[in-house]
Amino acid sequence: MKRFALASALLLGMLVSASAQAVPPGYPADYQAIISAAEQEGSVAVYSATDSASADVLLKDFRALYPKVQIRYYDLNSTEIYNRYLSETAANAETADVLWSGSMDLQLKLVADGHALTHHSPESAKMPKWAVYEDRAWGTTFEPLVIAYNKRLFPADAVPASHGDLLRLLKERPQLLAGGKLTSYDPEKSGFGFLLMTQDEKYFPQFWELAAAFGHGTGRFYPSSGTMIERITSGEHLVGFNVIGSYVVLRQKKDPDLGLVYPSDYVLVMSRVAFIPKNAKRPNAAKLFMDYLLSARAQKIMANQAMLFSLRDDVEGPYSAAALSKELGSRLKPIPVDMSLLAALAPAKRLAMMRKWQETARAQ
Amino acid sequence: MIWLRLPTVVILAVVVLLPVGVVVYQSVLDEPFFSPAARLSLASYAFIFGEPDFARAFLTSIVLAAGMTAIAVPLGGLLAFLVVRTDLPAKRLIEPALLVPIVLSPIVIAFGYVVAIGPVGFASLAVKGLIGFVPWNLYSLTSLIIIAGLTHVPHVYLFSSASLRKLNLELEEQARILGAAPWRVALTISLPLVWPALVYSGVLIFFLGFELFGLPLVIGDPANVLVLTTYLFKLTNILGTPSYQLMAVVVVAIAFVTLPLVYFQRHLLRVAERYVTMGGRGGQSGPLRLGRWRWFALACIVAWLVIVIGLPLSGVILRAFVSRWGEGINPFDTLTLQNFRDLAEHPNLIGSIVNTFLLATVGAAASVAAYGLIALVTHRWRSRFVAMVDYLVLLPRSLPGLVAGLAFLWVFLFVPYLGILRSSLVGIWLAYSVVWLAFGLRLISASLSQIAPELEEAARIAGAGPARVVRDVTVPLIRFGLVSSWLLCFMIFVREYSTGVYLQGPGTEVLGALIVSLFGGGSLELVAALSVVNVVLVAAGLVLALRLGVRI
């Protein structure tokens, strides 16, 4: 009788522990508590600016890894994420468990305002230092901003190899891009575009000369990379400045006429920032998802199938920080995930910069 | 009936004033209204009214609205006359064809025009090949006004056709016998008789001019044309974090436009009895013979269809079936079905389609029932409340899409007990119904204005109670209005997006959200493929409905 009781207790114990997901390799043993709690919570709500098609591979993989934690994925744009999260939090209503957006300044603003949960992720140590902010916010990708151009219609000898080259091109051969053939982000309509402008101002001493060269109808400005790319491939515009590299690479699969240049003087790199809100209803599931995004497994998917450009140095793949570092080394200037991002949001400075942009690039 | 009338008006007022009220309240604060640091302040008004861009955008919006109305109303009325009252050939094909533009998301229509007649559009390149240059410029205020006007003809058509169906043929026949050409009959007899439909639709189209976003964004921006909605878009970004108080001020400015508009509308419709066409005497029904004008009329309509539907639709279809397009590419070299295959693999596709069509069929029916109730309640009611209702119903549309979504999120978040509806299709349906209230309602109002009082009085004299009169006399007489209202709501709900953007979640996504998400990600080929699927589904539904005898 005793032996039977012991045997069944052992069997039961094995069944119980087998039904909870195992701790990922390299994680501390007490991570099991988080996994069990997450499975109790049952789901994780993610507000994300990464479109569902691109994220699909990642979501399917997460489901395979933690089948008991359902992902509720909200595909929104970065302004919508900000608005929705703030309003729901103010009303004490149910909101996201993870916020994941490429609008780095808006994300860090929320963190600065005290919305982020501190989480000592087992993966933090493996991330680049500039991509982790006080264990409260993490960059997840490493996406370069590139120059894109139409191989079919733009002369190969004129393709600018750097920011300086672009300025020279606009000054010495203005007829090549006159009449709206150059395209870039509209900092007036896109917060991300404005952020890029502040970074360019930092790294390119002649930035305002470049902005002036965009004027008089040469430059056409849009709020999103996708629209820019569509119009470059159609030939409406010939060259795109500061286009998100991951989108260009994705499009190159369908359109071999789309060219890409990593500027030789410096390459800005953006990262999609994620954090866990303090008031998340399912903090353990959120931690699971956050650690997953930072894990080698997810980053490998980003570096290969999802083409999102992985961030971790130890992950190989055609679309990875490792591959880019090998090719471009110190030319890469990642935008750090820290409070320096908030400088772009200071109203006086922002308005002044907007006016300067309007007076140069928007001059008629 | 007062027991029904008063509560209906009160509920209407609450439902309209909640979303609009929270925005007005926001405009006099200096922080988001839910922030504990918010204080009353008129600083936002000072800021906005001091911005030269605001004045420029306001003026441009007025010009756009006026231009649009001037184009849409006469053409819509004329088209309705030709299709409904005359023996125009090929009616069965024209009717569904001309309603298609309403279904397409405006941003998709604009994109279709870019693919067709943009700087490197296939039509532009073809003409350039023939005569050496492109004689038109898609990116200009003029093009924007023309396209906006032409794409809103179907709205006016729906308004006018519902009223025209019930016209007594005798009046028009007498004019023809006396020798009037069909166009003269249309202008001097038929259209004046459906004056309420034209006034209502004119006012609504004018107001829609303030709400247009997709078209001005794609077609106006490259020409530095700024309208209030694209100005609002800029405002969300000007301070880095979205500034609700600044956006609210712009909405208040738009709301003020409703005052003169509705006043003007009431003034034009003062004398109600003039438009009665369904009187005590029976009338003959049958098409007016156009005679030798038949084919000319058909040719004009076909020309309109080509410009308004053919061009952008062919642009969208082309984009859906090619892997790439533009200058230097022969589209026949890049034909492919891959875009549709990619679309089929998109995670939320089927769910979005099902939700959207559920909202657009059952939801629209429920909306029309509500609109019908409001219309019937204010019908022949001599009371100040009717004036109040007239002003109230247009208010929700003063919230442009960018703000409407926020306003409804706030209503569902901060009004007690509404929270359960927040992430459900019912919540989205409610938001849609409130925003498009004036449009669905006025179609029914126009129909009601055609009923002679003696019909209802006769029923009362014969002993019927008020409810019976409504059920057996009034409602059957306005059935075209009800069906047209449903059709209009169906079309609008199919393409709607921004109003419910914050109310959606996994399981309640709609097509519009999918299109915007794909657009933002640059997958224009998937947007095109999805739009083609959308149009095919709706066209099929329309043809089926028409076959089954639904008359619009």
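Residues numbered from 1 in each chain as written. Chains lettered and ligands numbered in written order. Predicted model: local features only at pLDDT ≥ 70, side-chain atom pairs only at ≥ 80, totals over all residues.

### Thoughts on the overall build of chain B
Note the threshold: Strands are runs of DSSP state E lasting at least 2 residues, helices are runs of H or I lasting at least 4, and numbering of each runs from the N terminus. We take the radius of gyration over the C-alpha atoms and set the globule estimate at 2.2 Å times the residue count to the 0.38 power. Burial is judged by counting the other C-beta atoms within 10 Å of a residue's own C-beta: 20 or more makes it buried, 12 or fewer makes it exposed, and any count in between marks it as partly exposed, with every C-beta position built from the backbone.
Across its full length, chain B carries 26 helices and zero strands. Relative to the 2.2 N^0.38 estimate, which gives 24 Å for 552 residues, the radius of gyration of chain B is 24 Å and therefore close to what a compact globule would have. Dimensions of chain B along its principal axes, counting C-alpha atoms only, are 65 × 65 × 45 Å. Here chain B, with 552 residues, has 55% of them falling under the buried criterion.

### Details of the overall build of chain A
For chain A, the count of helices and strands is 14 helices and 13 strands. At 23 Å, chain A has a C-alpha radius of gyration in line with the 21 Å of a compact globule built from 364 residues. In chain A, which comprises 364 residues, the share counted as buried stands at 53%.

### Side note on the interface of chain B and chain A
Which entries qualify depends on this criterion: Distance between backbone-placed C-beta atoms decides contact: two residues are in contact if it is within 7 Å. Nonpolar residues are Ala, Val, Leu, Ile, Met, Phe, Trp, Tyr, Cys and Pro. Charged residues are Asp, Glu, Lys and Arg, and all others, Gly as well, are polar.
Taken together, the contact between chain B and chain A spans 39 residues of the former and 47 residues of the latter. Elements represented by at least two residues in the side of chain B that touches chain A include exactly α13 (228-238), α19 (401-414) and α25 (511-520) of chain B. Per-class residue counts for the side of chain B that touches chain A are 20 nonpolar, 16 polar and three charged.

### Section: the packing of helix α4 (residues 78-90) of chain A against α19(B)
The relative placement of two packed helices is expressed as an angle between their axes plus a distance between the axes. We apply this condition: Helix axes use the C-alpha atoms of the stretch in contact, all axes being lines fitted to C-alpha atoms, and the angles between their N-to-C directions lie in the range 0 to 180 degrees. The scheme is simple: roughly parallel for angles under 35 degrees, roughly antiparallel for over 145, roughly perpendicular for 65 to 115, oblique for anything else. Helix crossings fall into two classes, left-handed where the near helix is turned counterclockwise from the far one by less than a right angle and right-handed where it is turned clockwise.
Contact geometry for α4(A) and α19(B): axes closest at 10 Å, N-to-C directions at 20°. The pairing of α4(A) with α19(B) is recorded here as roughly parallel in orientation. With respect to the hand of their crossing, α4(A) and α19(B) are arranged in right-handed fashion. Of α19(B), the residues touching α4(A) (which contributes A:Asn83, A:Arg84, A:Ser87 and A:Glu88) are B:Leu406, B:Leu409, B:Trp410 and B:Leu413. Taken together, the residues of the contact of α4(A) with α19(B) sort by class into four nonpolar, two polar and two charged.

### What about the sheet that holds strand β1 (residues 43-48) of chain A?
Residue and element names in this part refer to chain A. Spelled out, the test is: For two strands to pair, DSSP has to find at least two bridges joining them.
Ordered in space as β2-β1-β3-β12-β5-β4, the six strands form an open sheet in which the pairing is mixed. Here the strands that pair on one side only, and so sit at the sheet edges, are β2 (70-75) and β4 (132-133). Pairing geometry for β4 and strand β5 (residues 137-139), over two bridges, is antiparallel. Each residue of the ladder has a partner; that of Tyr-133, found in β5, is Ala-137. Across the sheet, helix α5 (residues 104-112) is in contact with β3 (98-101), β4, β5 and β12 (273-275); its angle to β12 comes to roughly 25°.

### A closer look at unusual backbone geometry
All names here are of chain B. The backbone of Asn-224 shows a phi angle near 60°, a positive value even though the residue is not glycine. Looking at the element boundaries, Asn-224 is found in the loop between α12 (214-220) and α13. Given 12 C-beta atoms within a 10 Å radius, Asn-224 is considered exposed.

### Describing the environment of B:Leu125
Residues and elements named next belong to chain B. Along the chain, Leu-125 falls in helix α6 (residues 122-131). The class for Leu-125 is buried, based on 20 C-beta atoms found within 10 Å. Residues Leu-125 and Leu-359 lie 234 residues apart in sequence; the distance between their C-alpha atoms is 41 Å. Beyond its immediate chain neighbours, meaning those up to four positions away, Leu-125 contacts Val-120 and Glu-327.

### Section: the environment of A:Ala323
All names here are of chain A. As for its position among the elements, Ala-323 is in helix α13 (residues 321-328). According to the C-beta neighbour criterion, Ala-323 is partly exposed, with 17 such atoms within 10 Å. For Ala-323 and Ser-310, which are 13 residues apart along the polypeptide, the C-alpha to C-alpha distance reads 9.7 Å. In this structure Ala-323 touches Gly-317 and Pro-318, once residues within four positions along its chain are discounted.

### Observations regarding the domain arrangement of chain A
Think of interface size as the accessible area that goes away when the parts come together; that is how it is often given. Residues and elements named next belong to chain A. So the rule is basically this: These domain boundaries are the output of an automatic or database domain assignment.
Structurally, chain A comprises domain 1 (29-142 + 271-319) and domain 2 (143-269 + 342-360). Summarising the inter-unit geometry, the C-alpha centres of domain 1 and domain 2 are found 29 Å apart. In this assembly, 15 residues from domain 1 lie in contact with twelve residues from domain 2. Considered class by class, the residues forming the side of domain 1 that touches domain 2 number nine nonpolar, four polar and two charged.

### Considering the packing of helix α15 (residues 294-321) of chain B against helix α26 (residues 524-547) of chain B
Residue and element names in this part refer to chain B. Direction vectors running N to C along α15 and α26 enclose 120°, while the axes themselves pass 8 Å from each other. Taken together, α15 and α26 sit at an angle that is classed as oblique. Judged by the sense of rotation from one axis to the other, the crossing of α15 with α26 is left-handed. Between α15 and α26, the residues in contact are Val-316, Ile-317, Arg-319 and Ala-320 and Leu-524, Glu-525, Ala-528, Ala-529, Ser-531 and Val-532, respectively.

### Concerning the nonpolar core
We count it as follows: Note on terminology: a nonpolar core is a set of buried residues of type Ala, Val, Leu, Ile, Met, Phe, Trp, Tyr or Cys, with members joined through C-beta atoms within 7 Å.
Counting residues in each nonpolar core, the largest one holds 197 residues, and the members touching the most others are B:Leu79, B:Tyr113, B:Val250, B:Val403 and B:Ala407. The biggest single contributor to this core is helix α3 (residues 52-85) of chain B, with 16 residues. When residues no more than four places from it in sequence are discounted, the contact partners of B:Val250 are B:Ile48, B:Leu228, B:Tyr231, B:Leu232 and B:Leu235. A:Val69, A:Leu110, A:Ala213 and A:Ala286 belong to the second largest nonpolar core, which has 110 residues in total.

### Quick word on the pairing of strand β7 (residues 182-185) of chain A
Residues in a regular strand point their side chains to alternate faces of the sheet. Residue and element names in this part refer to chain A. Here four bridges tie β7 to strand β8 (residues 219-222), and the two strands are oriented parallel to one another. For Tyr-185, the partnering residue across the bridge sits in β8 and is Tyr-222. Strand direction decides the pairing type here: β7 and strand β9 (residues 239-244), joined by two bridges, are parallel. Along β9, the bridge assignment pairs Leu-182 with Val-239.

### Observations concerning the confidence of the model for chain A
Rules: Note: pLDDT gives the predictor's confidence per residue, expressed from 0 to 100.
Overall, the prediction assigns chain A a mean pLDDT of 91, with 95% of residues at 70 or greater. Across chain A, element-level confidence peaks in β12(A) with a mean pLDDT of 97 and bottoms out in helix α1 (residues 2-19) of chain A with 59.

### Comments concerning helix α3 (residues 52-65) of chain A
All names here are of chain A. The criterion, for reference: Here, expected helix span is obtained from the residue count minus one, scaled by 1.5 Å. We define the bend at each residue as the angle formed by axes fitted to the 7 residues ending at it and the 7 residues starting at it.
Between its first and last C-alpha, α3 extends 19 Å over 14 residues, near the 20 Å set by a 1.5 Å rise per residue. Along α3, the sharpest change in direction is near 25° and occurs at Leu-58. Inspection of α3 places Ser-52, Ala-53, Ser-54, Ala-55, Leu-58 and Phe-62 among the buried residues, and these make up the whole buried set. Looking at the buried residues of α3, the elements they touch are β1, β2, α11 (283-294) and α12 (296-303).

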